[in-house]
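Report on the structure
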Amino acid sequence: TSTPWRITPRPPTHRRPKRPSPPSRPCVSAKGVLEVNQSNCLRIDFVTIFPEMLDGFLKQSMLKRAAAMEAVQFGTVNPRDFTEDARHTTDDRPYGGGPGMIMLADPLVQAVESVADKESKIVMMTPSGSQFEQADAHRLAEEKHIVFICGHYEGIDDRVRQLLKPEEFSIG
């Protein structure tokens, strides 16, 4: 006799079909999936005095998978590596006085120039920039290399804006 509580296994025909494996090295753009060569994958570099803070974001979830698929490459550059004093100073009081500290131009410019080339899109995050919108994300997704300058303190020395001519965005 059969027992009513016994569960019989599903026949093999009811198994979920295996997903096809992804292409060997896809590169994702806003227009879809492309075949990969190093010239059409997005590279994103972050210039920040806290590169360790980004590790948690870049090594999790979708960003981790995108990097594993070699659809995008992430890098961080610390401006402190481009200072010459013993304390690796990246900030100073504003010229002409005022409250707070600003990030020095020299270490930031040298850090950006260490990773950027003529085709790189340089983006500076600043409260005075234009509001970052979805259209901007789509436009930036078409770039080959983006360098984000991440500010800290009261702001960034204005010479960075004058020398590098970055696109400026505010996220809030």
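Summary of the structure given here. (Residues numbered from 1 in each chain as written. Predicted model: local features only at pLDDT ≥ 70, side-chain atom pairs only at ≥ 80, totals over all residues. Heavy atoms only, no water.)

Let's shift gears to the sheet that holds strand 5 (residues 91–92). The 3 strands are arranged 5-6-9 in an open sheet whose pairing can be described as mixed. Strands with a single pairing partner mark the edges of an open sheet, and in this sheet they are strand 5 and strand 9 (155–156). Alignment of strand 6 (residues 102–103) against strand 9, held across 2 bridges, turns out to be parallel. In the strand pairing of strand 9, Ile102 is matched with Gly155. (Pairing = 2+ DSSP bridges. Helix = DSSP H or I, 4+ residues; strand = E, 2+ residues; numbered from the N terminus.)

Considering only enclosed or pocket space, the largest pocket measures out at about 700 Å³ in volume. Lining the largest pocket are 23 residues, and of these Leu42, Ile44, Leu63, Val72 and Phe74 sit closest to its centre. Elements that contribute at least two residues to the lining of the largest pocket include exactly strand 1 (26–29), strand 3 (42–47), helix 1 (51–58), helix 2 (61–68), strand 4 (72–77), helix 4 (134–141) and strand 8 (145–150). Here the residues of the lining of the largest pocket are counted per class, giving 22 nonpolar, 1 polar and no charged. The calculated volume of the second largest pocket comes to roughly 310 Å³. The wall of the second largest pocket is formed by 16 residues, among which Met125, Thr126, Pro127, Gly155 and Ile156 lie closest to the centre. (1 Å grid on protein atoms, 1.4 Å probe; cavity = no way out; pocket = protein on both sides within 12 Å on 5 of 7 lines; lining within 4 Å. Points joined across faces, edges and corners; volume = space filled by probe spheres on them. Nonpolar A, V, L, I, M, F, W, Y, C, P; charged D, E, K, R; others polar.)

Once that is clear, we can look at the pairing of strand 7 (residues 121–131). Regular strands place side chains that alternate from one sheet face to the opposite one. In terms of strand pairing, strand 7 meets strand 8 through 5 bridges, oriented parallel. Within the sheet, the bridge partner assigned to Ile122 lies in strand 8 and is Val147. Summarising the sheet, strand 7 and strand 10 (residues 167–170) pair through 5 bridges and their orientation is parallel. In the strand pairing of strand 10, Ser130 is matched with Phe169.

Time to look at the pattern of salt bridges. Enumeration according to the criterion identifies 7 salt bridges in this entry. By sharing partners, the salt bridges in this structure join Lys121, Asp136, Arg139 and Glu167 into a single network. (Salt bridge = Lys/Arg side-chain N within 4 Å of Asp/Glu carboxyl O.)

These figures come from the coordinates and say nothing about function on their own.
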